[in-house]
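This is what each chain is made of:
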Amino acid sequence: MKKGNYFSAKRITGLAILLALVIVLQVFGGYFKIGATSLSFVLVPIVLCGLLYGAIAAGVLGFVFGFIVLMYGVTGADPFTAILFEDHPVFTSILCLGKGAAAGLVSGLVYKLLAKKNRYVGVFTASAAAPIVNTGLFILGSLLFLQDTLKANFVDGQSVVYFLIIGCAGINFLIELAINLIAAPALHSVYRILEK
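Residues numbered from 1 in each chain as written. Predicted model: local features only at pLDDT ≥ 70, side-chain atom pairs only at ≥ 80, totals over all residues. Heavy atoms only, no water.

### Digging into the nonpolar core
Here's step 1: Among the nonpolar cores identified, the biggest contains 32 residues, and L18, I46, C49, L51, F65, Y111 and L187 are the most heavily contacted of them.
Here's step 2: With 9 residues, the top contributor of residues to this core is helix α2 (residues 43–53).
Here's step 3: Aside from chain neighbours lying at most four places away, what touches I46 is V22, A58, L61, G62, F65 and G104.
Here's step 4: In this structure, F138, L150, F163 and A169 belong to the second largest nonpolar core, which totals 14 residues. (Core = buried A, V, L, I, M, F, W, Y, C linked by side-chain atoms within 4.5 Å. Buried < 20%, exposed > 50% of the residue type's maximum accessible area, 1.4 Å probe, protein only. Helix = DSSP H or I, 4+ residues; strand = E, 2+ residues; numbered from the N terminus. Contact = heavy atoms within 4.5 Å.)

### Section: the side chain of S93
Here's step 1: With respect to the element layout, S93 can be found in helix α5 (residues 89–115).
Here's step 2: If near-sequence neighbours (up to four positions away) are discounted, S93 is found in contact with L70 and F85.

### A word on the packing of helix α4 (residues 79–87) against α5
Here's step 1: Taken N-terminus to C-terminus, the directions of α4 and α5 make an angle of 130 degrees; their axes are 5 Å apart at the nearest point. Between α4 and α5, the angle is such that the two are oblique. On α5, the residues that touch T81, L84, F85, E86 and D87 of α4 are P89, T92, S93 and C96.
Here's step 2: Residues of the contact of α4 with α5, tallied by class, amount to 4 nonpolar, 3 polar and 2 charged. (Axes fitted to C-alpha atoms, helices over the stretch in contact; angles between N-to-C directions. Parallel < 35°, antiparallel > 145°, perpendicular 65-115°, else oblique. Nonpolar A, V, L, I, M, F, W, Y, C, P; charged D, E, K, R; others polar.)

Next up, the structure:
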């Protein structure tokens, strides 16, 4: 977006549409589970937000995504997050909100850095960065602070690392990454149309 148009009607409308997409995709995307966790189709509009409106705006949408995940845990709608929240409410809250916000922020920053040289490479890299950061922070945070809860409730005769990487993140991460990378050319096209 051009400078000086920060609070333009077009920008506010675009952000509102992307925010609505984040909410709808996260609420209904929660029904598509592989293993213990849900697929995050929501990362696509977050990346698009980073391309169109910058890293801060994408970070805010990522925070909203994390807030919805957290509320599903608080209310018991997502049993996995509910168990983590019951044992570790503060850290589970920080993890849910932080990983979503970081996924948006990092994808927006990556795009900004790489698009100066090649916009297409920037779009693909930003599209890959969102699921990598989202999943990576989930695994790291879980290993550092949630191992006891994971062992007591989910790990049956396997290591916590195996459970997190294969059981929780493995297939989900690969599908989320594929969705984002497949969507990248479409995101690039949308960006070019809206930029004009």
